[in-house]
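# What the coordinates show
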Amino acid sequence: MARVLPRPRIPLAAVRRWYEEELGWPSTGTEPVELLTGLRFDVLEMPAGAGSAVLRRLPHTGPVALLRAGCDGNHASDRPKLLMLIAAGGAEELPGILEWLEWGALVPDLTARGTGDRMPAPVFPTGAAPSYGFGSREAARWVRPPRPGYEAENSLPTTGLGAGNGDDGDAPDLVRLVSAAATECHRARLMRAGNAQSDRAWGDQPLAFSNASRMSAGTRPRSLTL
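The residue numbering used here restarts from 1 in each chain and proceeds along that chain's sequence as written. Predicted model: local features are reported for residues with pLDDT of at least 70 only, side-chain atom pairs are reported and counted for 80 or more only, and whole-chain, interface and lining totals are derived from all residues. Only hydrogens and water are set aside; all other atoms, that is, all heavy atoms of the structure, feed into the side-chain values.

- An unreviewed UniProt entry lists the chain under the name SCO3374 family protein, with Streptomyces nigrescens given as the organism.

### Some words on the packing of aromatic side chains
- Working definition: rings of Phe, Tyr and Trp (its six-membered ring) pair if their centres are within 6.5 Å, and the pair is stacked with planes under 30 degrees apart, edge-to-face with planes over 60 apart, and tilted otherwise. Counted by the stated rule, this structure contains four aromatic pairs.
- For the ring pair W18 and Y19, a centre distance of 4.8 Å and an interplane angle of 85 degrees mean the geometry is edge-to-face.
- Accessibility here uses a 1.4 Å probe with only protein chains present; expressed as a share of the type maximum, an area under 20% marks a residue as buried, one over 50% as exposed, and anything in between as partly exposed. Its relative accessible area of 6% is what places W18 among the buried residues.
- Assessed through its relative accessible area of 0%, Y19 is described here as buried.
- Site record: aromatic cluster; members linked through ring pairs are W18, Y19, W25, F41 and W142.

### Re the sheet that holds strand 2 (residues 42-47)
- An order of 5-2-4-3-7 is seen for the five strands of this open sheet, with the pairing classed as antiparallel. Of all the strands in the sheet, the pair left with one neighbour each is strand 5 (111-113) and strand 7 (140-144). Averaged over neighbouring strand pairs, the angle between their axes works out to 30 degrees when direction is ignored.
- Paired strands are those between which DSSP finds at least two bridges. To qualify as a helix, a DSSP run of H or I must reach at least 4 residues; to qualify as a strand, a run of E must reach at least 2; elements of each kind are numbered from the N terminus. Direction of pairing for strand 2 relative to strand 5: antiparallel, over a ladder of three bridges. Each residue of the ladder has a partner; that of E45, found in strand 5, is T111. A fitted line through C-alpha atoms serves as each axis, taken over the contacting stretch for helices, and the angle formed by two N-to-C directions is quoted from 0 to 180°.

### Some details on the environment of W142
- Topologically, W142 is positioned in strand 7.
- Each C-alpha atom, one on W142 and one on F124, is 7.6 Å from the other, the two residues being 18 residues apart in sequence.
- Here the side chain of W142 touches Y19 through a polar contact of 2.8 Å, side chain to side chain. Counting of polar contacts relies on pairs of N or O atoms within 3.5 Å, with two restrictions inside protein: one atom must be capable of donating a hydrogen and the other of accepting it, and residues adjacent in sequence are counted only when both atoms are side-chain atoms.

### So, the pattern of salt bridges
- We define a salt bridge as a contact between a side-chain nitrogen of Lys or Arg and a carboxyl oxygen of Asp or Glu at a distance within 4 Å. Within this structure, the stated rule accounts for six salt bridges.
- Between E184 and R57 there is a salt bridge, with the nearest N and O atoms lying 3.1 Å from each other. Of this pair, E184 sits in helix 4 (residues 174-194) while R57 sits in helix 2 (residues 48-57), and the two are 127 residues apart along the sequence.
- R192 serves as the salt-bridge partner of D109, at 3.6 Å between the closest nitrogen and oxygen. In this pair, D109 sits in the loop between helix 3 (90-100) and strand 5 while R192 sits in helix 4, placing the two residues 83 residues apart along the sequence. Across this residue pair, the class does not change: D109 and R192 are buried.
- One network of salt bridges, in which partners are shared, links E45, K81 and R113.

### Comments concerning the packing of helix 3 against helix 4
- Contact pair helix 3 / helix 4: the axes reach a minimum separation of 10 Å and the direction vectors enclose 65 degrees. In terms of crossing hand, the pair formed by helix 3 and helix 4 is right-handed. Where helix 3 approaches helix 4, its residues G90, E93, L94, I97, L98 and W100 are matched on the opposing element by L174, V175, V178 and A182.
- Across the contact of helix 3 with helix 4, the residue classes break down as eight nonpolar, one polar and one charged. Two helices crossing with the near one rotated counterclockwise from the far one by less than a right angle form a left-handed crossing, whereas a clockwise rotation gives a right-handed crossing. For this analysis, residues touch if any pair of their heavy atoms sits within 4.5 Å. Residue polarity follows a fixed list, in which Ala, Val, Leu, Ile, Met, Phe, Trp, Tyr, Cys and Pro are nonpolar, Asp, Glu, Lys and Arg are charged, and the others, Gly among them, are polar.

### A closer look at the packing of helix 2 against helix 4
- At their nearest, the axes of helix 2 and helix 4 sit 8 Å apart, and the two run at 135 degrees to each other. Here helix 2 is positioned oblique relative to helix 4, judged by the angle of their axes. The way helix 2 lies across helix 4 gives a crossing that is right-handed. Facing A50, A53, V54 and R57 of helix 2, the residues of helix 4 in contact are L177, A180, A181, T183, E184 and C185.
- Residue composition of the contact of helix 2 with helix 4, by class: seven nonpolar, one polar and two charged. What sets the label is the angle itself: under 35 degrees gives roughly parallel, over 145 gives roughly antiparallel, 65 to 115 gives roughly perpendicular, and the rest give oblique.

### With respect to the pairing of strand 3 (residues 64-67)
- The sheet contact formed by strand 3 and strand 4 (residues 81-86) spans four bridges and is antiparallel. The residue bridging L67 from the neighbouring strand is K81, located in strand 4.
- Strand direction decides the pairing type here: strand 3 and strand 7, joined by four bridges, are antiparallel. Residue pairing across strands places V64 opposite R144, the latter belonging to strand 7.

Here it is in structure tokens:
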């Protein structure tokens with residue numbers, strides 16, 4: 001029987017060079033390679049299940065990466081996460097947007113990474129660089145990859161002037177993206193609770209604050225009207 005050899009992993013220097021030279025994104029000099037947030041982009045982070053629902057609702061979001069469980073360095077990652085790239089400065093706006101949408105602290109698993117933070121560098125998108133295979137130890141991969149030679153920041157969700165103008169002309173603005181993400185994160189959390197799964201890791205938030213009860217009380221989250 002012929003011996004099956006593992007596919008070689010992408011050299012770290014090639015990973016770093018691709019992001020820095022092709023996209024102009026600063027990276028760390030560590031192993032594994034990480035991308036610095038807060039400079040060219042920020043990151044909206046949520047559970048993978050909720051993120052998948054958001055992607056079905058919003059076909060144009062800018063680059064999106066899938067983070068494997070337990071592969072995130074200093075960040076707690078006991079579940080797969082979806083990382084959506086947003087315009088730099090968006091991480092600082094997230095708490096205010098959630099308050100304005102009347103979500104407040106109802107979605108603790110919707111977070112952001114901005115200035116001074118980082119994210120694992122996903123493996124190369126298919127066809128973007130020589131194929132070295134998807135290593136079994138890779139921390140992340142692209143779901144919606146960036147495009148080399150294109151100013152990726154122009155397609156990132158943002159607020160204010162120019163919001164929603166991506167390469168396809170219909171990228172969501174940051175408020176609409178956060179609205180969809182908060183709704184799906186809360187829905188996923190209620191489903192976990194309904195399935196008798198432990199939610200203690202996220203605190204003992206009473207289910208009296210579910211969408212259904214708030215709608216009955218006349219305090220429906222503003223996000224449900226967007």
